[in-house]
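A closer look at the structure
Below, each chain spelled out in residue letters.
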Amino acid sequence: MAEPFIHAENLAFTYKGSGGTDDIPALKNVTLDIQKGEFVAVLGHNGSGKSTFAKLLNLILEPTSGKLTVAGFDLCNKDMSEEDLIALRRCVGMVFQNPDNQLVATIVEDDVAFGPENLGVPMPELRERVENALATVGMSEFAEQEPHHLSGGQKQRVAIAGILAMHPECLVLDEATAMLDPVGRKEVLDTVRRLNREDGMTVIHITHYMNEAAYADRIVVINDGTILMQGTPDEVFSRRDELRAVGLEVPQCAELIHRLRKIGIPLEEGNISSIEGCAELILRSFKKEGAANG
Ligand code: ADP
Ligand code: MG
């Protein structure tokens, strides 16, 4: 089998205390593989280590111990060349929570050009990349506008375009939808789902929103710096009590299935991550009962 895109083995990171403050072991013993083209959602309550994990992936932070390879780069190699570091950063693009902190230029297209320009991409390729990236996120018509006139969702899509213009292999969204309204959240989620499906982009989506995680191929739940569980959305959401114990709620439809079972309605295993799936489970149970009684 091909080497995983991300390979973490007993990965740990500790924020060093200074001036009398204690060390904070933010990540402990994380072992995880992520394949190229996967869409992985990362869940966990505040302070569980999600952002720390994200920041290790392109060496904003350096691992304290363990192993970490990303796109063939050994991120624990202290002698990594400047060239490799730039290549890694280009390959793993990050979008953060606050769209206002990520836009650097006063015109949208200049903002999108900023990254590739710094990589030395010459004209006319630069122009082409900017146009393609803006088209991909559905923001072409805003190319000449000032970013501060845009909505939160539009700003995040411009931020994503700026990364796409560097031709990354992987997109890491660290609660990039957290500050957006429902429309903005949907715009961003639809954009990254399409990039994943159509272009095979590896996506790591750190989110608080269970219904966003439901679209992932796999969910990884982090708690207190370690991986609590991982699996398909159906597998993870079926462990409702364990999630509740660490302060996480399952999507409403999965909660409904849980409560129906609890009052004695026999529902089969199945797709509890979507409304359609849950409706199907309930319908099947009715039909069975009808057959048994009829
Ligand atoms: P999450 O993104 O899941 O909310 P973080 O990775 O930001 O969690 O934080 C994990 C732990 O590390 C928390 O206890 C947090 O307080 C601590 N932490 C985060 N950033 C720093 C920092 N720059 N210095 C010291 N401790 C930090
Ligand atoms: Mg965070």
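Residues numbered from 1 in each chain as written. Chains lettered and ligands numbered in written order. Predicted model: local features only at pLDDT ≥ 70, side-chain atom pairs only at ≥ 80, totals over all residues. Heavy atoms only, no water.

Neighbouring ligand 1 are the residues Tyr15, Ile24, Ala26, His45, Asn46, Gly47, Ser48, Gly49, Lys50, Ser51 and Thr52. At a separation of 3.1 Å, an oxygen atom of ligand 1 approaches a polar backbone atom of Gly49. Residue Lys50 places a side-chain N or O atom 2.8 Å away from an oxygen atom belonging to ligand 1. Coverage of ligand 1 by the protein amounts to 60% of the 560 Å² it exposes when considered alone. Top contributing element to the shell around ligand 1 by residue count: helix α1 (residues 50–57), with three residues. (Near = heavy atom within 4 Å. Polar contact = N/O pair within 3.5 Å; in protein donor to acceptor, adjacent residues only side chain to side chain. Areas by Shrake-Rupley, 256 points an atom, 1.4 Å probe, with all protein chains shown as cover. Helix = DSSP H or I, 4+ residues; strand = E, 2+ residues; numbered from the N terminus.)

On to the packing of aromatic side chains. With the rule as written, the count across this model stands at one aromatic pair. When the ring centre of Tyr209 is taken as reference, the NZ or CZ atom of Arg185 above it lies at 3.8 Å. (Phe/Tyr/Trp six-rings, centres within 6.5 Å; stacked < 30°, edge-to-face > 60°. Lys NZ or Arg CZ within 6 Å of the ring centre and 35° of its normal.)

This paragraph deals with the packing of helix α3 (residues 108–118) against helix α4 (residues 125–136). Where α3 meets α4, the axes come as close as 9 Å, and the angle between the chain directions of the two elements is 120 degrees. Relative to α4, the element α3 is oriented oblique. Helix-helix and strand crossings are classified by hand; for α3 and α4 the assignment is right-handed. Packed against α3, whose contacting residues are Val108, Glu109, Val112, Ala113, Pro116 and Glu117, the element α4 presents Leu126, Arg127, Arg129, Val130, Ala133 and Leu134 at the interface. Looking at the contact of α3 with α4, its residues break down into eight nonpolar, no polar and four charged. (Axes fitted to C-alpha atoms, helices over the stretch in contact; angles between N-to-C directions. Parallel < 35°, antiparallel > 145°, perpendicular 65-115°, else oblique. Left-handed = near helix turned anticlockwise from the far one by under 90°. Contact = heavy atoms within 4.5 Å. Nonpolar A, V, L, I, M, F, W, Y, C, P; charged D, E, K, R; others polar.)

If you check helix α5 (residues 152–164), its first and last C-alpha atoms are 18 Å apart, about what 13 residues at 1.5 Å a residue would give, namely 18 Å. Burial of α5 is extensive: 12 of the 13 residues sit out of reach of the surface. Three or more residues of α5 are buried, namely Gly153, Gln154, Lys155, Gln156, Arg157, Val158, Ala159, Ile160, Ala161, Gly162, Ile163 and Leu164. Check the buried side of α5 and you find it contacts β6 (92–95), α3, α4, β7 (170–174) and α6 (182–199). (Expected span 1.5 Å × (residues − 1). Buried < 20%, exposed > 50% of the residue type's maximum accessible area, 1.4 Å probe, protein only.)

A few words now on the domain arrangement of the protein. Taken domain by domain, the protein comprises domain 1 (6–250) and domain 2 (251–294). Placing a centre on the C-alpha atoms of domain 1 and another on those of domain 2 gives a separation of 35 Å. Summing both partners gives a buried area of about 810 Å² for domain 1 against domain 2, and 54% of it is carried by carbon and sulfur. A per-residue breakdown of the area domain 1 buries against domain 2 is headed by Asp234, Arg240 and Val250, which together make up 61% of the total. Scanning the region where domain 1 abuts domain 2 turns up one salt bridge. Close ionic contact of Arg240 with Glu255 constitutes a salt bridge, the shortest N to O distance being 2.8 Å. One can count five residue pairs in polar contact (both at pLDDT 80 or more) joining domain 1 with domain 2. Mapped onto the side of domain 1 that touches domain 2, the elements with two or more residues apiece are α8 (233–237) and α9 (240–245). (Domains from an automatic or database assignment. Buried area = accessible area lost by both parts, 1.4 Å probe. Salt bridge = Lys/Arg side-chain N within 4 Å of Asp/Glu carboxyl O.)

In the case of a regular strand, side chains alternate between the two sheet surfaces. Most of β7 is tucked away, with five of its five residues classed as buried. As paired elements, β6 and β7 share four bridges and run parallel to each other. From the neighbouring strand, Met94 faces β7, where its bridge partner is Val172. (Pairing = 2+ DSSP bridges.)

The next point concerns the sheet that holds strand β4 (residues 65–70). In space, the four strands of this open sheet follow the order β2-β1-β4-β5, with antiparallel pairing throughout. Each edge of the open sheet is held by one strand with a lone partner, namely β2 (24–34) and β5 (73–74). As defined by bridge partners, strand β1 (residues 6–15) adjoins β2 across seven bridges and the pair is classed as antiparallel. Residue Ala8 lies in a different strand from β2, and its bridge partner there is Leu32. Set on the sheet, α1 makes contact with β1, β2 and β4; between it and β1 the angle comes to about 120 degrees.

Taken together, six strands build an open sheet; the order of strands is β6-β7-β8-β3-β9-β10 and the sheet is mixed. One side of each edge strand has no neighbouring strand; the edge strands of this open sheet are β6 and β10 (226–231). Between one strand and the next, the sheet's axes are offset by a mean angle of 20 degrees, whatever the strand orientation. Contacting β6 and β7, α5 runs over the sheet at an angle of about 165 degrees to β6.

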